[in-house]
Amino acid sequence: MKIISYNRIINPSLLLINHELPSNTIHRPRLISTSAPSISSFNMRKKVLIMRLPCCFATRAALSSSMKTDTYSGSRKQKSSSFYTHPSLLEMKNEKEANRARVYEFLRSIGIVPDELDGLELPVTMEVMRERVDFLQKLGLTIEDINYYPLVLGCSVKKNMIPVLDYLGKLGVRKSTLTDFLRRYPQVLHASVVVDLAPVVKYLQGMDIKSNDIPRVLEKYPEVLGFKLEGTMSTSVAYLVGIGVARREIGGLLTRYPELLGMRVGRVIKPFVEYLESLGIPKLAVARLIEKHPHILGFGLQERVKPNIKSLLQFHLRETALPSVIAQYPEILGIDMEAKIPSQQEFLNSIIESTCEDFGRVVEKMPQIISLSKAPVVKHVDFLKECGFSLEEVREMVVGCPQVLALNLDIMKQSFEYFKSTMARPLQDLVAFPAFFTYGLESTIKPRHKRIAKKGLKCSLTWLLNCSDEKFDQRMGYDFIDLEEMQVGESSFYMNTLLEPRNDESASDCDEDSGEGDNV
């Protein structure tokens, strides 16, 4: 008798089978005949179930093994057929690198160098990058501009560029200036309107810059949109107020020269102020100069200002005259003196035979001579010669009052005609007091001459003209002319004019100047 052997079954309802066959092999169950008596129906059903189970388990094991093999082999066909499969991290990385390579290839094909874009989040498709480049070019930027700041390609057209441009347009920034605006400060396209731009605009309005002047300020100095409110901007303004700049002048000052907001006090403003003080200009006078000419702070102290002062001293200006020269003509601090001053000295010497010392005195009294065109100078010298003055007398007149080289020639002719025909004075009086030509004929010369002629007084042109109207009225009350007053020296510039107390008229003048500066 043959017996079929199985593991022991404890619970008929839960069959645990330990089959000896490999799990990945499907075996057809084989019945072994027996001569034993017939088996009951229950035992027969159990027997059939036992025979089927190895086949079922083997089939499932084989399928499982096959799926694992396909997964590790990277079969894309098997993965796509499963709902639960995802790309591996390595595949995602490779695909991202491939997209970036295609974008880089496109940028290089149009002349953009993408080296600085490594690490920057870029569009996944070449079409989106093309859209950004086209948009920037429509704004007027060239490929060269983009190469200057390639990080601008990381800005989304819809999320970054358009909101920023819309905000600038609402502020009043003109489209005609927008291209230059973006060339100077392309970083603005990265900014948030609410977080970055709006607070700066509000701060500028708090500095008394009028709302309609804000766009002009931004056009002149777009970099201001990137400054921190409590950083350089606040300290530079506080320092200027501290040295004497009137708080009410700050708005107009910043409107005319907003670059001041980006200047560091310790590195730029304070050293500049202290240097002018060292030349003999009082701190309050420096403050008044900055109020009227804030751009002088932009002249490089080491690169331009100090070399210019050195050049002036080399060309026979007296050190004591430097404060007066700077106060009269602050632009002299920023002129390319090395190129102009030798040329002007040689030119003046060629037409009036002046000496080096003469040139120094001329610059002290009218520093604008350094920037004066040569053609008008020649015309004025010729006019004086036509009036009957010798070359030596012309030289003496120019050294005594260089302004005669820059006055309106038609007005000079009228004044000389009145001097010759009505006043009937000798030419030597004009040689002694060439400043005669600087006084208004109708407002000053005629009225005063009539009064002394009526009174029968004889006086020098200096005594007649070189005084205020109030002082002249006092002189008209004299029984005789004081000889000391007859020797009153020529008019000159005094630093006190920058130190005079403010009044309503001077404030209004400053406001008008500020308005004119805004329109430039």
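Criteria and cut-off values
- Residues numbered from 1 in each chain as written.
- Predicted model: local features only at pLDDT ≥ 70, side-chain atom pairs only at ≥ 80, totals over all residues.
- Heavy atoms only, no water.
- UniProt positions renumbered as here; feature names shortened; annotations may be inferred.
- Helix = DSSP H or I, 4+ residues; strand = E, 2+ residues; numbered from the N terminus.
- Buried < 20%, exposed > 50% of the residue type's maximum accessible area, 1.4 Å probe, protein only.
- Contact = heavy atoms within 4.5 Å.
- Areas by Shrake-Rupley, 256 points an atom, 1.4 Å probe, with all protein chains shown as cover.
- Salt bridge = Lys/Arg side-chain N within 4 Å of Asp/Glu carboxyl O.
- Core = buried A, V, L, I, M, F, W, Y, C linked by side-chain atoms within 4.5 Å.
- Phe/Tyr/Trp six-rings, centres within 6.5 Å; stacked < 30°, edge-to-face > 60°.
- Axes fitted to C-alpha atoms, helices over the stretch in contact; angles between N-to-C directions.
- Parallel < 35°, antiparallel > 145°, perpendicular 65-115°, else oblique.
- Left-handed = near helix turned anticlockwise from the far one by under 90°.
- Nonpolar A, V, L, I, M, F, W, Y, C, P; charged D, E, K, R; others polar.
- Disulfide = S-S within 2.5 Å.
- Polar contact = N/O pair within 3.5 Å; in protein donor to acceptor, adjacent residues only side chain to side chain.
- pLDDT = per-residue confidence, 0-100.

An unreviewed UniProt entry annotates the protein chain as Transcription termination factor MTERF4, chloroplastic of Capsicum baccatum. The UniProt entry for the protein chain carries this comment under Sequence similarities (unreviewed entry): "Belongs to the mTERF family."

Just give me the short version of the overall build of the protein chain, but keep the residues and values in it.
From N to C terminus, the protein chain includes 26 helices and zero strands. Burial statistics for the protein chain: of 520 residues in total, 39% are counted as buried. Across the protein chain, contacts joining residues at least 24 apart in sequence account for 70% of those joining residues at least 6 apart. For the protein chain, the exposed surface amounts to about 30,400 Å²; the carbon and sulfur share of it is 53%.

Which residues make up the pattern of salt bridges, and what values do they have?
Applying the stated criterion across every chain, the model contains 15 salt bridges. Salt-bridge contacts for Glu249 lead to Arg248; the nearest nitrogen and oxygen are separated by 4.0 Å. Note that Arg361 and Glu364 form a salt bridge whose closest N and O atoms lie 3.1 Å from each other. You can see Arg361 and its partner Glu364 sitting in helix α17 (residues 356-365), three residues apart, about one turn around the helix. Beyond isolated ion pairs, a larger network of salt bridges with shared partners links Arg174, Arg216 and Glu219.

Account for the nonpolar core, with residues named and values stated.
Counting residues in hydrophobic clusters, the biggest one holds 137 residues, and the most contacted among them are Leu153, Leu189, Leu225, Leu312 and Phe436. With sequence-adjacent residues up to four places away left out, Leu189 is seen in contact with Leu136, Val152, Cys155, Asn160, Met161, Val164, Leu165 and Leu182.

Describe the packing of aromatic side chains, with residues and values.
Two measures describe an aromatic ring pair: the distance that separates the ring centres and the angle between the ring planes. The final tally for this structure, using the stated rule, is seven aromatic pairs. Between Phe433 and Tyr439, the ring centres sit 6.2 Å apart and the planes meet at 25°, which makes this aromatic pair stacked. The class for Tyr439 is buried, based on a relative accessible area of 17%. Joined through ring pairs, the aromatic side chains of Phe383, Phe416, Phe419, Phe436 and Phe437 make up one cluster.

Describe the environment of Pro271, naming the residues involved and giving the relevant values.
Among the secondary structure elements, Pro271 is positioned in helix α12 (residues 265-278). On the basis of relative accessibility, which here comes to 23%, the residue Pro271 falls in the partly exposed class. If near-sequence neighbours (up to four positions away) are discounted, Pro271 is found in contact with Val265, Gly266 and Leu301.

Describe helix α19 (residues 391-400), naming the residues involved and giving the relevant values.
Val394, Arg395, Met397, Val398 and Val399 are the residues of α19 that are buried. At its buried positions, α19 is contacted by α16 (337-352), α17, α18 (374-386) and α21 (427-432).

Requested: an account of unusual backbone geometry, with residues and values cited.
The backbone phi angle of Glu353 is positive, close to 55°, even though this residue is not glycine. The topology assignment puts Glu353 in the loop between α16 and α17. Positive phi, close to 50°, is recorded for Ala424, a residue that is not glycine. Looking at the secondary structure, you find Ala424 in the loop between α20 (409-423) and α21.

Break down the environment of Glu144 for me, with residues and values.
Mapping Glu144 onto the fold places it in helix α5 (residues 143-148). Put simply, Glu144 and Gly111 are 33 residues apart on the chain and 8.4 Å apart in space, counted from C-alpha to C-alpha.

Account for the packing of helix α4 (residues 126-138) against helix α6 (residues 157-171), naming residues and giving values.
Geometry of a packed helix pair, given as the angle between the helix axes and the separation of the axes. In the contact formed by α4 and α6, the axes pass within 11 Å of each other and the chain directions differ by 15°. Here α4 is positioned roughly parallel relative to α6, judged by the angle of their axes. Considering how the two elements wind past one another, α4 and α6 form a crossing that is left-handed. From α4, Glu131, Arg132, Phe135 and Leu136 reach across to α6, where they touch Val157, Met161, Ile162 and Leu165. A breakdown of the residues in the contact of α4 with α6 according to their chemical character gives six nonpolar, no polar and two charged.

Give me the lowdown on the environment of Lys310, citing residues and values where you can.
If you trace the backbone, Lys310 turns up in helix α14 (residues 301-314). Along the primary structure Lys310 and Met337 are separated by 27 residues, whereas in three dimensions their C-alpha atoms are 9.7 Å apart.

Please set out helix α13 (residues 283-292) residue by residue, giving values where relevant.
Of all 10 residues that make up α13, seven are buried, and the element is covered over most of its length. Residues of α13 that are buried make contact with α10 (232-243), α11 (250-256), α12 and α15 (322-328).

Break down the state of the cysteines for me, with residues and values.
What is meant by a disulfide is a covalent connection between two cysteines, made through their sulfur atoms. Summed over the entire model, instances satisfying the criterion amount to zero disulfides. Looking at Cys467, it has no disulfide partner, and the nearest cysteine sulfur is the one in Cys459, 9.4 Å off. A residue is classified by how much of its surface remains accessible, and Cys467, at 16% relative accessible area, is buried.

Lay out the side chain of Arg395 with the relevant residues and their values.
Relative to the elements of secondary structure, Arg395 occurs in helix α19. Here Asp358 takes part through its side chain, which lies 2.9 Å from a polar atom of the side chain of Arg395.

Run through the confidence of the model for the protein chain, naming residues and quoting values.
Per-residue confidence for the protein chain gives a mean pLDDT of 81; residues scoring 70 or more make up 76%. Counted against residues more than four places away or in other chains, residues 486-493, with its pLDDT under 50, gives 16 contacts.

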